[in-house]
Amino acid sequence: MTYNDPQLVHTLQVIIETLGTFAFAISGIRHAAAKHFDWFGGYVCGFTVAIGGGTIRDVMLGVSPFWTTDIRYLLFTALALVLAIISRKMMKRLDNAWFVFDTLGLAFFTIAGLQKTLTMGYPFWLAIVMGCITGVAGGIIRDVLLNNVPVIFHKEIYAIASVAGGLLYWGMFNLNCSITLTVITTFLLICIIRFVAVCYHITLPVLHDENQK
């Protein structure tokens with residue numbers, strides 16, 4: 001697989017970042033609602049989740065954060081807020097399914113981070129790191145704002161799913177698979193890992209200090 005078609009790569013990048021923004025914004029707004037934030041607080045939380053990881057990635061790569069050159073990310077967060085407000089009762093019935101939006105955002109933004117880093121000519125190991133940062137950093141910021149322990153540090157398989165997706169992307173890249181197939185396959189792997197881990201309560205081993213057995 002090569003990046004000889006910059007227009008295709010750019011189009012995929014925009015689509016993936018747009019979908020990821022909406023999914024993460026919905027997730028952030030729902031968490032803010034659980035803490036009884038007002039509408040503005042909900043918007044700030046949703047927007048922070050949606051752009052946090054990509055902003056950190058772009059700053060580390062030395063480019064303008066992706067949302068500062070396109071107003072659509074602000075608008076999609078606003079749309080997510082409106083949807084959350086007008087469908088509040090329906091969303092309440094979906095409490096147990098909200099991790100789906102978080103998972104979709106994780107998958108979309110992991111791929112976005114991978115692609116952007118590679119198109120800038122950086123090595124693949126850094127692309128995997130940047131993909132993970134893009135996918136998980138927004139959720140860390142959200143949990144800090146909500147005074148929760150970031151989900152990445154406990155309980156669920158989260159960042160590991162992002163890293164696994166990055167490794168698969170790398171493998172398919174080296175096999176010269178089409179970029180579309182690579183994106184779809186990587187997206188599905190990240191989602192499947194998250195869903196299986198949550199469904200079967202699969203977690204990483206917990207660290208214990210010297211006073212614990």
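Rules used in this analysis
Residues numbered from 1 in each chain as written. Predicted model: local features only at pLDDT ≥ 70, side-chain atom pairs only at ≥ 80, totals over all residues. Heavy atoms only, no water. UniProt positions renumbered as here; feature names shortened; annotations may be inferred. Helix = DSSP H or I, 4+ residues; strand = E, 2+ residues; numbered from the N terminus. Buried < 20%, exposed > 50% of the residue type's maximum accessible area, 1.4 Å probe, protein only. Contact = heavy atoms within 4.5 Å. Core = buried A, V, L, I, M, F, W, Y, C linked by side-chain atoms within 4.5 Å. Salt bridge = Lys/Arg side-chain N within 4 Å of Asp/Glu carboxyl O. Phe/Tyr/Trp six-rings, centres within 6.5 Å; stacked < 30°, edge-to-face > 60°.

Under an unreviewed UniProt entry, the name given to the protein chain is Glycine transporter domain-containing protein, and the organism recorded is Prevotella corporis. Quoted verbatim from the Sequence similarities (unreviewed entry) field of the UniProt record, the comment on the protein chain reads "Belongs to the UPF0126 family." According to UniProt, the comment filed for the protein chain under the heading Subcellular location (unreviewed entry) is "Cell membrane".

Peer 1: Teacher, can you tell me more about the environment of Leu81 here?
Peer 2: By secondary structure assignment, the location of Leu81 is in helix α3 (residues 72-86). Under the relative-accessibility criterion, Leu81 is labelled buried at 14%. Put simply, Leu81 and Ala25 are 56 residues apart on the chain and 7.8 Å apart in space, counted from C-alpha to C-alpha. Those residues in contact with Leu81, other than ones at most four positions away along the chain, are Ile29, Trp39 and Tyr43.

Peer 1: What's the story with the nonpolar core in this structure? I'm lost.
Peer 2: In this structure, Ile16, Phe24, Leu106, Phe124 and Tyr169 are the most contacted members of the largest nonpolar core, which totals 40 residues. Per-element tally for this core: the top contributor is helix α5 (residues 99-119), with 8 residues. If we ignore the near neighbours within four places in the chain, the residues touching Phe24 are Gly46, Val49, Ala50, Asp102, Gly105, Leu106, Phe109, Gly135 and Tyr158. Listed in part, the 5 residues of the second largest apolar core include Leu61, Leu126, Met130 and Ile133.

Peer 1: Help me understand the pattern of salt bridges, please; the structure alone is not making it clear to me.
Peer 2: Any two side chains of opposite charge can pair, on the condition that their charged atoms come close. Tallied over the full model, the rule gives 6 salt bridges. Close ionic contact of Asp58 with Arg57 constitutes a salt bridge, the shortest N to O distance being 2.8 Å. You can call Arg57 buried: its relative accessible area is 0%. The partner of Asp102 in a salt bridge is Arg142, with the nearest N and O atoms 3.3 Å apart. On the criterion of sequence distance, the pair formed by Asp102 in helix α5 and Arg142 in helix α6 (residues 124-145) is long-range, its members being 40 residues apart. By relative accessible area, Arg142 is classed as buried at 2%. Connected through shared salt-bridge partners, Glu17, Arg57, Asp58 and Lys116 make up one network.

Peer 1: Mind showing me how you'd approach the packing of aromatic side chains here?
Peer 2: Aromatic ring pairs are described here by two measures, namely the spacing of the ring centres and the angle between the planes. For the coordinates displayed, the defined rule picks out 10 aromatic pairs. Aromatic pair Phe22 and Phe76: ring centres 6.5 Å apart, planes at 80°, arrangement edge-to-face. You can see Phe22 sitting in helix α1 (residues 6-34) and its partner Phe76 sitting in helix α3, a full 54 residues away along the chain. By relative accessible area, which is 23% here, Phe22 ends up partly exposed. Their ring planes at 70° and their centres at 5.4 Å tell us that Phe124 and Phe173 sit as a pair that is edge-to-face. With Phe124 in helix α6 and Phe173 in helix α7 (residues 159-174), the pair connects residues that are 49 residues apart, well separated along the chain. Judged by relative accessible area, Phe124 falls into the buried class, the value being 13%. Ring pairing ties together the aromatic residues Phe24, Phe66, Tyr73 and Phe109, which thus form one cluster.

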